[in-house]
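In case you want the letters, here they are:
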Amino acid sequence: MSGERLRNFIGGEYVDAKDGRTLEVVDPSSGEAYAQAPVSGAEDVDAAFRAAAEAFPAWRDATPGERSLAMLRFADAVEARGRDLVEAESRDTGKPVQLTMEEELPPMVDNLRFFAGASRVLEGKATGEYLADHTSSIRREPIGVCAQVTPWNYPMMMAVWKFGPALATGNTVVLKPSDTTPVSTLMLAEIAAEFLPPGVFNVICGDRDTGRALVEHPTPQMVSITGSVRAGMEVAAAAAKDLKKVHLELGGKAPVVVFDDADVESAAQGIAEAGYFNAGQDCTAATRVLVADRLHDDFTAALAEAARGTVVGPPSNTDAFYGPVNSAAQLERVQGFIDRVPAHAEVLTGGSRSGDTGYFFEPTVVGGLRQDDEIVQNEVFGPVITVQRFSDEAQAIEWANGVRYGLAASVWTQNHGRAMRMSKALDFGAVWVNTHIPFVSEMPHGGFKHSGYGKDMSMYGIEDYTRVKHVMHYIGA
């Protein structure tokens, strides 16, 4: 299988990259390469954008109802081929197959259906005479060709969050998946081609240089990326040279604030699940816990026990809650954070690689940490939950907000007034109360500060892929 050669999908068909360069695609549950993906160069990027630009006028001019119907049929086909897609996703990422079928495929299909319907009900200011003898109205129009880059932690779902609102509102897309997880995105493009005109949705594989070529290309009017803070800064700087619109969903370091009236067992179990889901490779993962002083010892013990009960295993293990981390480099990164834990802290459980095959890491809890510790301030992106002890609400707010990220947070308390105060005070784009990590298509996802700007999902996400035009008519005699 290491000889399987992937191809780009441009203009409604698979095509070879021009110069033949490839990268290995590795199964992280075994550590073995099973495919070769093209490294697309300038000619390939040109070809993809040319196809997208040629397809744009007709797709733009299709009625919202026509685009919606095509997207709904696409969603139905994704659902029908869900098992094939999930098995490909699991091979690329190591995710447990059954869990991914249950937890990722249904919301992904729902996202597509939401975008299909939402694009038919875009809103603007009421048409009216805001100046005597003149009638003003608002048009919401697609931006044009969009360049998109998706990450390796949720390859399919992040692709849907990107191309879904773009296509539904009449844009065309060139998307580059992560070089380590391209297969499921190529499959989505192949399925989409059954329902969308050629060139509307194009996928090219490649490395960081390919991504830079997408961003710097003169054709796209908008660039959207889900990735690291470093990547987001590079994209924003490159896009600024051509005044492209930019949409960034970047890293996170979600605070999980547990007050002393929280139910210890249910909070510990819920936080463990939200921290270890997808091996903690989630920008919103519940990995930075702040616990009230009075509850600290009981909660930390319960959390460590929940961690020890979390099953780690390969895609075929139906009992596994998470699989391996993405790559050997990611495994080394996670282990490095643990190896550098300061002397005043303690690894309460886990802290090591699990097994000798693949890139599995034990569910880990680290206690005794201080606010300025490296592992508190920086995103680990692995199955590691840190715990800090706070004295009062003011300190909880200070420490929760005291990182450069602003993507997501949660509060665990039975006090309604406190929950409302915390929801207001926490400087994060999403705040959950007595839960952590659920998403719905109707509500936005996106952060503040170094977590980026722009929204995925919801009508806010739809609007991000449109531009507003004012039209004024003189109606005087």
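Computed from a predicted structure; not experimentally measured.

**Details of the sheet that holds strand E4 (residues 22–27)**
No. 1: In space, the 3 strands of this open sheet follow the order E1-E5-E4, with mixed pairing throughout. With partners counted over all chains shown, the strands left at the sheet margins are strand E1 (4–5) and E4, one partner each.
No. 2: Pairing geometry for E4 and strand E5 (residues 32–38), over 6 bridges, is antiparallel. Bridge assignment links Thr22 to a residue of E5, and that residue is Pro38.
No. 3: Seen against the sheet, helix H3 (residues 82–93) touches E4 and E5 and runs at an angle of roughly 100° to E4.

**Here's the deal with helix H9 (residues 229–240)**
No. 1: With 12 residues, H9 extends 16 Å from end C-alpha to end C-alpha; this agrees with the ideal 16 Å at 1.5 Å per step.
No. 2: Val229, Ala231, Gly232, Val235, Ala238 and Ala239 are the residues of H9 that are buried.
No. 3: Lining the buried residues of H9 we find helix H8 (208–216), strand E11 (222–226), strand E12 (245–249) and strand E18 (405–406).

**Remarks on the packing of aromatic side chains**
The description of an aromatic ring pair rests on the distance of the ring centres and on the angle between the ring planes.
No. 1: Tallied over the full model, the rule gives 10 aromatic pairs.
No. 2: Between Phe9 and Tyr14, the ring centres sit 4.9 Å apart and the planes meet at 85°, which makes this aromatic pair edge-to-face.
No. 3: Note on Tyr14: relative accessible area 28%, which makes it partly exposed.
No. 4: A ring pair is formed by Phe259 and Phe390, whose centres lie 5.3 Å apart and whose planes are at 75°; its orientation type is edge-to-face. One end of the pair, Phe259, is in the loop between strand E13 (255–258) and helix H10 (264–276); the other, Phe390, is in strand E17 (residues 384–390), and 131 residues separate them in sequence. Considered together, Phe259 and Phe390 belong to a single accessibility category, that of buried residues.
No. 5: Chaining the aromatic ring pairs together yields one cluster made of Phe74, Phe163 and Phe201.
No. 6: If you follow Lys449 out to its NZ or CZ, it ends over the ring of Phe428, 5.7 Å from the centre.

Rules and cut-offs
Residues numbered from 1 in each chain as written. Predicted model: local features only at pLDDT ≥ 70, side-chain atom pairs only at ≥ 80, totals over all residues. Heavy atoms only, no water. Pairing = 2+ DSSP bridges. Helix = DSSP H or I, 4+ residues; strand = E, 2+ residues; numbered from the N terminus. Contact = heavy atoms within 4.5 Å. Axes fitted to C-alpha atoms, helices over the stretch in contact; angles between N-to-C directions. Expected span 1.5 Å × (residues − 1). Buried < 20%, exposed > 50% of the residue type's maximum accessible area, 1.4 Å probe, protein only. Phe/Tyr/Trp six-rings, centres within 6.5 Å; stacked < 30°, edge-to-face > 60°. Lys NZ or Arg CZ within 6 Å of the ring centre and 35° of its normal.

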